[in-house]
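# Coordinates in review
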Amino acid sequence: MAAVVAASGVAPVRARFVTSKEQFHAYLRDRGQEEEKEKEQEEEEVSIGQGEPPAKRVKAEGAGRDEESGEDAGAEEKEPVERKRARGQNKSRPCMKPNHYEQNRLCPSVTQGCADKCFFGPRCRFLHDVGEYMALKPPDLGHRCVLFETFGKCTYGVTCRFAQAHLGDGFQNIINTELAKQWEGKALVRNSLSKELQHQLRKRKFSFKRAEEFLRALAKPHGDGRKGGKATGCSAEEQEVSNCTRPQEGHGDDPACPVLPGQGEDPKADGLQSPSPTGDEEAPSIHTVGPVTDEDVIKLRPCEKRKCGNLPFRRICKRLGADVTCGEMAVCTNLLQGQASEWALLKRHHTEDVFGVQLEGAFPDTMTKCAELLNQTIEVDFVDVNVGCPIDLVYKKGGGCALMTRSNKFEQIVRGMHSVLDVPLTVKIRTGVQEKMNVAHKLIPRLREWGAAMVTLHGRSREQRYTRSADWDYIAECAQVASPMPLFGNGDILSYEDANRAMQMGVSGIMIARGALIKPWLFTEIKEQRHWDISSSERFELLRDFTNYGLEHWGSDTQGVEKTRKFLLEWLSFLCRYIPVGLLEFLPQKINERPPYYMGRDYLETLMASQNVDDWIRISELLLGPVPPGFTFLPKHKANSYR
């Protein structure tokens, strides 16, 4: 027992539940094979003579080859070696878009009931014959369609992967008129990008009166003869960058302008710090603590930069007690260009009663214009400026954490956005850029003067990433400096006790990020001041609700199903870090403790504890049916994120 508890960095699971890696995977493998055999027997009874779906056949054949050749154990031994070589960054992770899994697609004009108006005519590469499409369509994934049961109508018709629930004779889409009438005219999701607005943005016909007025004032010469910044007629990339920065360097500071501690009298250089190493030099030396994302270390490929807001997960958090929700970070330049994928990050479900959007940018002109654009076109309760993003891609362009070192531009951005918004402007920052060089306490009073209504402080610097625990003592110091402006703290909260300690530091509230991914019922625990020993079946029902919300939001056709599966798998890669309360030697679980291999109180609880991608896929198949042929998945975040 003592050896288990004393193990450094390992969560204190009771000795009777702890097992070895080999026994853990052997148990899941054996139980999985038993379930597959039972499922195959059921399918044979239902449809004798029909072949297995391609994905299942390939999987079964692969398992058979492993058993015959005895390569199964070798594969398990080889996996950690490959993971170590990649430093947990999953650099070779595959990237397949959901539409790659559907070879024979029905033309959208047919789905919308206007096949004779197909724009491409005979050149169209999609199918127009519904009978031919149905003959080639993969088998349905279930007998119930959540869209049909909820709204009385499934807009995806024959392309729905649960179409048997609402298809009549001749593949006609059945409509429950009584139920459909209840939802008629109700906007379930707001803040969508209309075609008219997209056209105005792309043709640069949208009016930015208030923003241009501020930017004209900003461009006027100051008393020292310098201009505050170029505001009209040029792009952000062409603007002059102050504070010893040059556009080609992007990260917003320069070794030629060092600022030592105690030189804070110069308001323009108060937040300056020397730059951290650039490029890939810093990644190998980083030792992380806790389950983290690796987007700050890994360069995303073009196919991964297309974004889609995770509104279904926010619905889960809201239902479990979250008071305020905020959309994912959106890049202001992409919003101004009318990119639909970026505007998806602004979507708001009608259950989100207090909702904000988060913007990232590096220059006053684009940020101010974007703020006015959102102020005029979407329903939002506050706008947040992300000055805490550590991602290299953002930092090197002068955005995110780099704004903490570019106080001139930072001030212009906050003042500009405040001048055009009718809702509060909030700012999220870190302690600083470099470790042991905190500057947040210097910036916070100035942010209050510039117009910020609230500040959220993450208790780590950019350089630290997750190598240290969040510095709540420093957050407490900053909360006093911020008064009377509210300050929210962020970092390492995974239990109601963590939340209570945080609130005792004098903060006005707390923001939860990773903790919500590991256990979204944390909000309930905080509200009810208890540890919830949530059962595996209750957790599974949360996953089922998430998939239903995902199908509502992204669609019930193949693309919608696979997009839902992708987000589900990303969430499972965090959810597996949770250790059930009833298995712990003492409470609470700490966010930076690695779960040991343990046997749960039932098969499902053990399956949910697995950090193996194949087991996450197995859980997704319980909810969304078999994966398509050739399906692959690796999470973006680090697999070996505990050190």
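What counts as what
Residues numbered from 1 in each chain as written. Predicted model: local features only at pLDDT ≥ 70, side-chain atom pairs only at ≥ 80, totals over all residues. Heavy atoms only, no water. Pairing = 2+ DSSP bridges. Helix = DSSP H or I, 4+ residues; strand = E, 2+ residues; numbered from the N terminus. Axes fitted to C-alpha atoms, helices over the stretch in contact; angles between N-to-C directions. Contact = heavy atoms within 4.5 Å. Buried < 20%, exposed > 50% of the residue type's maximum accessible area, 1.4 Å probe, protein only. Salt bridge = Lys/Arg side-chain N within 4 Å of Asp/Glu carboxyl O. pLDDT = per-residue confidence, 0-100. Patch = residues over 30% accessible without salt bridge, like charges linked within 9 Å, V, L, I, M, F, W, Y side chains within 5 Å. Areas by Shrake-Rupley, 256 points an atom, 1.4 Å probe, with all protein chains shown as cover. Lys, Arg positive; Asp, Glu negative; His and termini not counted. Charge placed at Lys NZ, Arg CZ, Asp CG, Glu CD. 1 Å grid on protein atoms, 1.4 Å probe; cavity = no way out; pocket = protein on both sides within 12 Å on 5 of 7 lines; lining within 4 Å. Points joined across faces, edges and corners; volume = space filled by probe spheres on them. Nonpolar A, V, L, I, M, F, W, Y, C, P; charged D, E, K, R; others polar. Core = buried A, V, L, I, M, F, W, Y, C linked by side-chain atoms within 4.5 Å. UniProt positions renumbered as here; feature names shortened; annotations may be inferred. Right-handed = clockwise from strand over helix to strand, strands pointing away. Disulfide = S-S within 2.5 Å. Left-handed = near helix turned anticlockwise from the far one by under 90°. Phe/Tyr/Trp six-rings, centres within 6.5 Å; stacked < 30°, edge-to-face > 60°. Lys NZ or Arg CZ within 6 Å of the ring centre and 35° of its normal.

## A few points about the sheet that holds strand S2 (residues 325-331)
In space, the 7 strands of this open sheet follow the order S2-S4-S5-S6-S7-S8-S9, with parallel pairing throughout. Every other strand in the sheet has two partners, leaving S2 and strand S9 (509-511) as the edge strands with one partner each. The average undirected angle you get between the axes of adjacent strands in this sheet is 25°. By the bridge criterion, 4 bridges tie strand S7 (residues 454-458) to strand S8 (residues 487-490) in an arrangement that is parallel. If you follow His-458 over to S8, its bridge partner there is Asn-490. Across the face of the sheet, helix H14 (residues 364-377) comes into contact with strand S4 (355-360) and strand S5 (382-387) while running at roughly 155° to S4.

## Observations regarding helix H17 (residues 440-450)
The set of residues buried in H17 consists of Ala-440, Leu-443, Ile-444, Pro-445, Arg-446, Leu-447 and Trp-450. Looking at the buried positions of H17, the neighbouring elements they touch are helix H16 (407-420), strand S6 (425-430), S7, helix H18 (472-482) and S8. Gly-451 occupies a position one or two residues after H17 and carries a positive phi of about 125°.

## Some words on the environment of Asn-490
Note on placement: Asn-490 falls in strand S8. In this structure, Asn-490 is in contact with Lys-428, Thr-456, Leu-457, His-458, Gly-459, Ala-470, Trp-472, Ile-475, Met-511 and Ala-513, ignoring residues within four places of it in sequence.

## Re the pattern of salt bridges
Enumeration according to the criterion identifies 24 salt bridges in this entry. Between Asp-492 and Arg-514 there is a salt bridge; the shortest N-O distance is 3.0 Å. On the criterion of sequence distance, the pair formed by Asp-492 in the loop between S8 and helix H19 (496-503) and Arg-514 in helix H20 (residues 514-518) is long-range, its members being 22 residues apart. Between Asp-498 and Arg-501 there is a salt bridge whose closest N-O contact spans 2.6 Å. Taken together, the positions of Asp-498 and Arg-501, both in helix H19 and 3 residues apart, correspond to about one turn of that helix. By relative accessible area, Asp-498 is classed as buried at 10%.

## Let's talk about the pairing of S4
Among the 6 residues of S4, 6 are classified as buried, and the element is accordingly described as predominantly covered. With 4 bridges connecting them, S4 and S5 associate as parallel partners. When the sheet's bridge partners are listed, Gly-356 is paired in S5 with Phe-382.

## Focus on the confidence of the model for the protein chain
Mean pLDDT over the protein chain stands at 80; residues scoring 70 or higher make up 75%. Confidence over residues 49-89 falls short of pLDDT 50; this stretch has 36 contacts with residues more than four positions distant or in other chains. Confidence drops under pLDDT 50 across residues 224-308; counting only partners more than four residues distant or on other chains, this segment forms 192 contacts.

## Focus: a negative patch on the surface
A grouping of Asp-30, Glu-34, Glu-35 and Glu-38 is seen on the molecular surface, where their side chains present a negatively charged patch. Take Glu-38: it is sitting in helix H2 (residues 21-46). Owing to a relative accessible area of 48%, Glu-38 belongs among the partly exposed residues under this scheme.

## A look at empty space enclosed by the protein
In the structure shown here, the tally under the stated rule is 3 cavities of 30 Å³ or more. Space inside the largest cavity adds up to approximately 70 Å³. If you trace the largest cavity, you find it lined by Leu-494, Ser-495, Lys-519, Glu-525, His-531, Tyr-578, Ile-579, Val-581, Leu-584, Leu-587, Pro-588 and Gln-589. For the lining of the largest cavity, the class distribution of residues is 7 nonpolar, 3 polar and 2 charged.

## Details of the nonpolar core
Ranked by size, the top nonpolar core spans 131 residues in total, and within it Phe-410, Met-417, Ile-429, Leu-487 and Leu-543 carry the most contacts. When neighbours within four sequence positions are excluded, Phe-410 is seen to be in contact with Val-387, Leu-403, Val-427, Ile-429, Leu-443, Leu-447 and Trp-450.

## As for the UniProt feature "zinc finger region: C3H1-type" (unreviewed entry) in the protein chain
Under the local residue numbering, the UniProt record ascribes the feature "zinc finger region: C3H1-type" (unreviewed entry) to residues 101-131 and 144-169. As annotated, residues 144-169 comprises 23% helix and 0% strand, and the C-alpha atoms at either end are separated by 18 Å.

## A few points about the pairing of S8
Residues in a regular strand point their side chains to alternate faces of the sheet. Pairing analysis gives 3 bridges linking S8 to S9, with the strands arranged parallel. Within S9, the residue paired with Asn-490 across the bridge is Met-511. Once the chain exits S8 it traverses H19 before rejoining the sheet at S9, and the crossover so formed is right-handed.

## Considering the state of the cysteines
Simply put, disulfide is the name for a covalent bond between the sulfur atoms of two cysteines. Applying the stated criterion to the full structure yields 0 disulfides. Free cysteine Cys-107: the closest other cysteine sulfur is in Cys-118, separated by 3.8 Å. The class of Cys-107 is buried, set by a relative accessible area of 4%. Counting only cysteine sulfurs, Cys-160 is the nearest neighbor of Cys-145, a cysteine outside any disulfide, at a range of 3.8 Å. Cys-145 gets classed as buried once you look at its relative accessible area, which sits at 1%.

## Here's the deal with the packing of helix H10 (residues 209-219) against H16
Where H10 contacts H16, the two axes come as close as 9 Å, and the packing angle between them is 145°. Note that H10 runs across H16; the crossing there is right-handed. Contacts from Arg-210, Ala-211, Phe-214 and Leu-218 in H10 reach Gln-412, Arg-415, Gly-416, Ser-419 and Val-420 in H16. Here the contact of H10 with H16 is built from residues that sort into 4 nonpolar, 3 polar and 2 charged.

## Re unusual backbone geometry
The omega torsion of the bond from Ser-483 to Pro-484 falls at 10°, within 30 degrees of zero and hence cis. Relative to the helices and strands, Pro-484 is located in the loop between H18 and S8. That bond from Leu-587 to Pro-588 is cis: its omega, -5°, falls within 30 degrees of zero. In this structure, Arg-204 takes a positive phi of about 55° despite not being glycine.

## Section: the side chain of Lys-318
Note on placement: Lys-318 falls in helix H11 (residues 311-319). Setting aside residues up to four positions removed in sequence, Lys-318 forms contacts with Asp-323, Val-324, Thr-325, Thr-351 and Asp-353.

## With respect to the packing of aromatic side chains
The geometry of an aromatic ring pair is captured by the separation of the ring centres together with the interplanar angle, meaning the angle of the planes. Applying the stated criterion to the full structure yields 9 aromatic pairs. Between Phe-410 and Trp-450, the ring centres sit 5.6 Å apart and the planes meet at 70°, which makes this aromatic pair edge-to-face. Placement of Phe-410 in helix H16 and of Trp-450 in helix H17 is noted, with a sequence separation of 40 residues between them. Pair check on accessibility: Phe-410 and Trp-450 agree, each one buried. Chaining the aromatic ring pairs together yields one cluster made of Phe-313, Phe-546 and Trp-571. The ring centre of Tyr-549 lies 3.7 Å from the NZ or CZ of Arg-315, which sits over that ring. The ring centre of Phe-631 lies 5.9 Å from the NZ or CZ of Arg-565, which sits over that ring.

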